[in-house]
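Okay, here's what each chain looks like letter by letter:
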Amino acid sequence: MRVIQIVFSPTGGTRQVAKTITSQWDFPADEIDLTNALNDFSAFVFAQDDVAVLSVPSYGGRVPALAAERIKKIHGNGTRCIIVCVYGNRAYEDTLIELNDLAKQSGFHVTAAVGAVAEHSIMHQYAAGRPDQQD
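These numbers were taken from a predicted model, which means no experiment stands behind them. (Residues numbered from 1 in each chain as written. Predicted model: local features only at pLDDT ≥ 70, side-chain atom pairs only at ≥ 80, totals over all residues. Heavy atoms only, no water.)

## Some points on the pairing of strand β2 (residues 29–33)
Strand residues, when the strand is regular, have side chains that alternate between the two faces of the sheet.
Then step 1. Here strand β1 (residues 3–7) pairs with β2 via five bridges, running parallel. If you follow Val3 over to β2, its bridge partner there is Ala29. (Pairing = 2+ DSSP bridges. Helix = DSSP H or I, 4+ residues; strand = E, 2+ residues; numbered from the N terminus.)

Printed below as a string of structure tokens:
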């Protein structure tokens, strides 16, 4: 069994949340960086006993278009998947619904969903210092 973080995190907040989640298990987590344009996302293939944590920020209540394009290229093969939407303490509207649909289209079996607060990437006074120990 492998634990894989699939992360789109241009400013680092989403990556921090994904690491916080996967650090709770006794397995080291590999990372697929959706922000790295050099990755061949169609080359990522999973086994059914893997666990994926698919994490994106919410941009205006949506999955970032670039992240969505790259997620569609991955082959989930029935891998259990936890979807994570990170937002800057504003709202995440349809991000989890859209991410759920993208994960399923890519062949993942979504088993859980998380809405997590992180410091806003533009207006840093919102959710400053989050996620923190209380989160």
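There's plenty left to go through after this.
## Focus on helix α3 (residues 95–105)
Then step 1. If you check which residues of α3 are buried, you get Thr95, Leu96, Glu98, Leu99, Asn100, Leu102 and Ala103.
Then step 2. Its buried side turned inward, α3 meets β3 (51–57), α2 (65–71), β4 (80–87) and β5 (109–117).
Then step 3. The first or second residue beyond α3 is Gly107, which carries a positive phi of 95°. (Buried < 20%, exposed > 50% of the residue type's maximum accessible area, 1.4 Å probe, protein only. Contact = heavy atoms within 4.5 Å.)

## Observations regarding the environment of Val84
Then step 1. Here Val84 is to be found in strand β4.
Then step 2. A relative accessible area of 0% places Val84 in the buried class.
Then step 3. Residues in contact with Val84, not counting those within four places in the same chain, are Val17, Ile21, Val53, Leu54, Ser55, Val56, Leu96, Leu99 and Val114.

## Topic: the sheet that holds β1
Then step 1. Overall, parallel pairing links the five strands, which are arranged β2-β1-β3-β4-β5 in an open sheet. Edge strands, defined here as strands with exactly one partner in the open sheet, are β2 and β5. On average, each strand axis in the sheet is inclined to that of its neighbour by 20°, with strand direction left out of account.
Then step 2. As paired elements, β3 and β4 share seven bridges and run parallel to each other. Bridge pairing in β4 places Ala52 opposite Cys81.
Then step 3. Across the sheet, helix α1 (residues 13–22) is in contact with β1, β2, β3, β4 and β5; its angle to β1 comes to roughly 165°.
Then step 4. The sheet contacts of α3 involve β3, β4 and β5, and relative to β4 the element is tilted by about 150°. (Axes fitted to C-alpha atoms, helices over the stretch in contact; angles between N-to-C directions.)

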